[in-house]
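Reading the structure
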Amino acid sequence: MALTYHQTKLVKNTIPVLREHGERISTIFYRTMLTEHPELNDYFNGVNLKNGRQPRALTAVILNFAANINNISELIPKFERMCNKHCSLGIKPEHYDVVGKYLLQAFGEVLGPAMTPEVLAAWTKAYWVLAKMLIGREQQLYKDFEAWTAWRPFKIDRVVQETDDVYSFYLVPQDGRRLPKYQPGQYVSVQIQVPGGYLQSRQYSLSDSWSEKHYRISVKRDEGSQYANSVSKSYQNPGIVSNILINYMKVGSVLSVSHPAGEFFLDTANDSNVPLVLISAGIGITPMISITNTVLQTQPGRQISFIHGSRRTIPFEEHIAQLRRKNANFHSKVFKSHPIDGDRPGFSYDYDCRLDLAKLSDLDLFLHNTGAEYYICGPEQFMVDSSAYLVSRGVHRSRIKIELFTTGELAAKQG
């Protein structure tokens, strides 16, 4: 049931205070909930909890929803992203009861006497309006997953080192059953046991076209954020799951894997033949390889402009070079900010700098084509800047897709 006008006003009147104390809300919420329900640690990214990103994301989503409760159409893409991630993690309706209880308690602690019974009733209704929307969409997604709605054991069949810090894992289902198709660009969640006794899950883009026998993910070693001074350097909050996969998981190791999910993809049911411009940096190359391989198999006449930026080495570098030699409709531009010995301009890279779309021609970006579609994946600020540049050159936002694994901070910046 929708909120009354009076309830909507009560909720909106509290938003400025809640925004001001967003960090405190997040701290109270997660500390209390995870202390009383330690089993929920299995569902949350431990690294993002420590660096504050996960708490900020949740608070941003709830408050953005409440601020736009009478006009939520603009929030639908963010909710779709959230629902896909929830389904890849196995989130169920009963989890919303727990989250709602502790979130509203945290609101109450911050608002103090301002959290009157009337305000609490209004916020409770607002929370459940959002929760029921998400639950409904997630039930639809689970239905699309058919029989595969829980974690499924996969065996590592092959490991390929793509660069000095990127490894591809070929995953085969232990039950031997045919794997469902996915849309190129989507991801799977991988769950493993980590030190401390908890399970942890991370999302990895599928990095190849669909195969009925195996899935491929490509994982980058995550050293964390570097801290350096004149004496030494160290790393804070290094990746847990990615580093365990690379350091300890070998051929024959078994992983738990989710059904493919994600709202960032090329729709293979759409037979459009407009040019594709794929823009990536770093490990953001992985969904672009999946899209590229799929299109070249199913629509070999479709034009692709593949634009990638890297510091030193590029995953799938030889594969990209072969595609360029063998396919007249595949065009690539590579930026390397720190070329290595043996690199040759015009062969292994085109520009010796960070990726800068302004250096490319209108033809490289298909700016003359009013139907061209743009896919961007990489570090968050890179995606924001690349999207802004394309918009400044006349590309409508509806033709730009961005791969986000967050639902709060960057989404709020874009909104």
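Our subject is the structure that appears above.
What you see is a predicted model; the values in this text were computed from it and never measured. (Residues numbered from 1 in each chain as written. Predicted model: local features only at pLDDT ≥ 70, side-chain atom pairs only at ≥ 80, totals over all residues. Heavy atoms only, no water.)

If you tally the helices and strands in the protein chain, you get 12 helices and 13 strands. Expected size for 415 residues packed as a compact globule is a radius of gyration near 22 Å; at 23 Å, the protein chain falls within 12% of this value. Every one of the 415 residues in the protein chain was classed for burial, and the buried ones make up 51%. The contacts in the protein chain between residues at least 6 apart in sequence include a share of 73% that link residues at least 24 apart. (Helix = DSSP H or I, 4+ residues; strand = E, 2+ residues; numbered from the N terminus. Rg over C-alpha atoms; globule rule 2.2 N^0.38 Å. Buried < 20%, exposed > 50% of the residue type's maximum accessible area, 1.4 Å probe, protein only. Contact = heavy atoms within 4.5 Å.)

For the rest of this paragraph, the subject is the environment of Val160. Position of Val160 among the secondary structure elements: in strand E1 (residues 152-161). Remark: the alpha-carbon pair of Val160 and Ser218, spanning 58 residues in sequence, is separated by 8.9 Å. Residues in contact with Val160, not counting those within four places in the same chain, are Val166, Tyr167, Ser168 and Tyr170.

All right, on to the nonpolar core then. What tends to happen in soluble globular proteins is that the nonpolar side chains get buried as a cluster. Grouped together as the largest cluster of nonpolar side chains are 52 residues, with contacts concentrated most on Leu18, Phe29, Met33, Phe107 and Trp123. The biggest single contributor to this core is helix H7 (residues 117-145), with 12 residues. With residues up to four places along the chain from it excluded, the contact list for Met33 reads Leu40, Phe44, Val98, Val99 and Tyr102. Formed by 24 residues, the second largest nonpolar core is a distinct cluster that contains Leu179, Leu206, Ile244 and Met249. (Core = buried A, V, L, I, M, F, W, Y, C linked by side-chain atoms within 4.5 Å.)

For helix H6 (residues 93-111), with 19 residues, the first-to-last C-alpha span of 27 Å sits near the 27 Å given by 1.5 Å per residue. Count one or two residues on from H6 and you reach Gly112, which has phi positive near 60 degrees. (Expected span 1.5 Å × (residues − 1).)

Its 14 residues give helix H5 (residues 76-89) an end-to-end C-alpha distance of 20 Å, which sits within 8% of 20 Å, the value for a rise of 1.5 Å per residue. Counting buried positions along H5 gives 10 out of 14 residues, so the element sits mostly inside the fold. Of all the residues in H5, the buried ones are Lys78, Phe79, Arg81, Met82, Cys83, Asn84, His86, Cys87, Ser88 and Leu89. Residue Gly90 follows H5 closely and has a positive phi angle near 80 degrees.

This part takes up the packing of aromatic side chains. For the structure shown, the criterion picks out 13 aromatic pairs. Their ring planes at 85 degrees and their centres at 6.0 Å tell us that Tyr142 and Phe145 sit as a pair that is edge-to-face. Taken together, the residues span about one helical turn, with Tyr142 and Phe145 both in helix H7 at a distance of three residues. Ring plane angle 45 degrees and centroid distance 5.7 Å describe the contact between Phe306 and Phe330, whose orientation is recorded as tilted. With a gap of 24 residues between them, Phe306 in strand E10 (residues 304-310) and Phe330 in strand E11 (residues 330-336) connect regions that are remote in the sequence. Residue class for Phe306 comes out buried when judged on its relative accessible area of 1%. For Phe330, a relative accessible area of 2% puts it in the buried group. Positioned above the aromatic ring of Trp148 is the side chain of Arg152, whose terminal nitrogen or guanidinium carbon lies 4.6 Å from the ring centre. (Phe/Tyr/Trp six-rings, centres within 6.5 Å; stacked < 30°, edge-to-face > 60°. Lys NZ or Arg CZ within 6 Å of the ring centre and 35° of its normal.)

Interpretation in functional terms is not warranted from these geometric data alone.
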